[in-house]
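Tertiary structure, described
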Amino acid sequence: MISIAIDDVLSIAKQIRDLMEEIDPEGSHYAESDPAGIQKLVVEKRPDLIWLDIEMPGYNGLELAAEIKTILPDTNIVFVTGYSKYAVDAFGVHASGYVMKPVTKERLLDEIANLRVPPKDESADETLLRVQCFGNFEVFGHEGIVKFGRSLSKEAFAYLIDRRGAGCTVAEICSILWEDRTADKGLKSQCRVIMGALKKDLERVGAGKVIVKNWNTWGIDTSKVECDYYNFLKGDSGAVNLFRGEYMSQYSWAEMTVGRLFDITESAAVE
């Protein structure tokens with residue numbers, strides 16, 4: 001696991017880092033207190049987990065968390081603070097947890113056991129699917145194109161790919177699959193059937209491990225997917241050249257990502 005502890009008091013950040021080194025001696029753990037170095041460290045290390053203080057001179061932890069989630073939506077953020085008043089706001093930015101100071105090893109272990117997105121096991125990386133996002137969305141297994149029993153299962157998988165490993169609730173998936181309907185009990189039940197069918201479709205081609213199902217969220221293990229979109233975000237020149245302004249063309253909700261891809265392309269051209 002890769003983790004970063006961020007606190008304006010460096011000794012506290014180092015305390016959390018030291019505890020993480022005890023908990024996960026095989027991982028890489030960092031401490032940071034300087035606002036100028038935080039974003040650079042986060043982008044460079046792409047952590048699985050960030051322990052983040054909320055009240056920091058010159059920096060608001062809630063705003064920082066929102067910025068990080070925009071860049072790395074599958075990074076777990078656990079707020080570490082001496083104030084309980086921010087709990088509701090913290091979960092508004094999809095935090096994985098909320099720890100009250102003083103920090104103890106037991107409290108960190110409890111949060112790690114309930115992370116929103118399970119840390120990836122790098123030693124278990126294995127590409128099970130190739131995913132095409134530029135143009136129409138298509139999925140390929142070891143024996144060719146993956147056939148989905150339901151068109152909505154394919155669209156749900158496209159959305160999980162778009163979210164790059166972030167956990168998605170049933171209500172969130174409903175809002176994508178049925179944009180004009182309220183996610184009531186009946187619709188959520190229908191959505192669970194769709195997601196169950198999706199899992200079976202992938203299991204049929206030996207790619208069941210791509211799906212990550214937690215108690216109340218669905219996601220994917222990005223380490224098991226080769227994807228032109230992901231390669232584009234890594235700056236791979238081949239993937240960058242493949243982008244011609246079309247991304248998951250059959251899905252209207254994908255237009256938001258198209259805008260982000262153009263912004264990245266334009267920024268790279270300026271540099």
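Details of the structure are given in the entry above.
Notes on the structure follow.

Below, the discussion takes up the sheet that holds strand E1 (residues 2-6). One open sheet accounts for five strands, arranged E2-E1-E3-E6-E7; its pairing is parallel. Two strands lie at the open edges of the sheet, namely strand E2 (28-32) and strand E7 (97-100), each paired on one side alone. The sheet shows a mean angle of 15° between the axes of neighbouring strands, taken without regard to direction. In this structure, strand E6 (residues 76-81) lies alongside E7, joined through four bridges in parallel fashion. By the bridge assignment for E7, phenylalanine 79 is matched with tyrosine 98.

Here we come to helix H3 (residues 61-71). Burial in H3 covers these residues: Gly61, Leu62, Leu64, Ala65, Ile68 and Lys69. Along the axis of H3, the buried positions cluster into a sector of 155°, meaning they face one direction only. Along H3, exposed side chains directed more than 90 degrees from the buried face belong to Glu63 and Thr70.

A word on the pattern of salt bridges. Tallied over the full model, the rule gives 10 salt bridges. With a shortest N-O distance of 3.6 Å, lysine 105 and glutamate 22 are connected by a salt bridge. Here glutamate 22 lies in helix H1 (residues 10-23) and lysine 105 lies in helix H5 (residues 105-112), a separation of 83 residues in the sequence. Of the residues examined, lysine 105 reaches a relative accessible area of 30% and is grouped as partly exposed. With a closest N to O distance of 3.7 Å, aspartate 53 and lysine 101 form a salt bridge. Placement of the pair is aspartate 53 in the loop between strand E3 (49-52) and strand E4 (55-56) and lysine 101 in the loop between E7 and H5, with a sequence separation of 48 residues. Accessibility expressed as a relative area gives 4% for aspartate 53, which makes it buried. Counted as one network, the salt bridges with shared partners bring together Asp7, Asp53 and Lys101.

The next thing to look at is the sheet that holds strand E13 (residues 225-227). Read from one edge of the open sheet, four strands run E10-E9-E8-E13, paired in mixed fashion. The two strands at the open ends of the sheet, each matched to only one other strand, are strand E10 (144-145) and E13. By the bridge criterion, two bridges tie strand E9 (residues 138-141) to E10 in an arrangement that is antiparallel. Considered in E10, the bridge of phenylalanine 140 is made with isoleucine 145. Strands strand E8 (129-132), E9 and E13 of the sheet are contacted by helix H6 (residues 151-162), whose axis makes an angle of about 90° with E8.

In summary, the side chains of a regular strand alternate between the two faces of the sheet. What you see with E8 is a clean split: Leu129 and Val131 sit on the buried side and Arg130 and Gln132 on the side with no burial. Two strands pair when backbone bridges link them, and E8 and E9 are joined in this way by three bridges, in the antiparallel orientation. By the bridge assignment, arginine 130 is partnered in E9 with phenylalanine 140. Remark: five residues form the turn of the hairpin made by E8 and E9, two consecutive strands paired antiparallel; glycine 135 in that turn has positive phi of roughly 85°.

A cis geometry characterises the amide bond from lysine 101 onward to proline 102, with omega recorded as 5°. Inspection of the secondary structure puts proline 102 in the loop between E7 and H5. Even without being a glycine, arginine 164 presents a positive backbone phi close to 55°. Take arginine 164: it is sitting in the loop between H6 and helix H7 (170-177). Residue class for arginine 164 comes out buried when judged on its relative accessible area of 13%. Phi angles above zero are rare outside glycine, and methionine 248 is one such case at about 45°. According to the relative accessible area criterion, methionine 248 is buried, its value standing at 0%.

Analysis parameters
Residues numbered from 1 in each chain as written. Predicted model: local features only at pLDDT ≥ 70, side-chain atom pairs only at ≥ 80, totals over all residues. Heavy atoms only, no water. Pairing = 2+ DSSP bridges. Helix = DSSP H or I, 4+ residues; strand = E, 2+ residues; numbered from the N terminus. Axes fitted to C-alpha atoms, helices over the stretch in contact; angles between N-to-C directions. Buried < 20%, exposed > 50% of the residue type's maximum accessible area, 1.4 Å probe, protein only. Arc of directions from axis to C-beta. Salt bridge = Lys/Arg side-chain N within 4 Å of Asp/Glu carboxyl O. Contact = heavy atoms within 4.5 Å.

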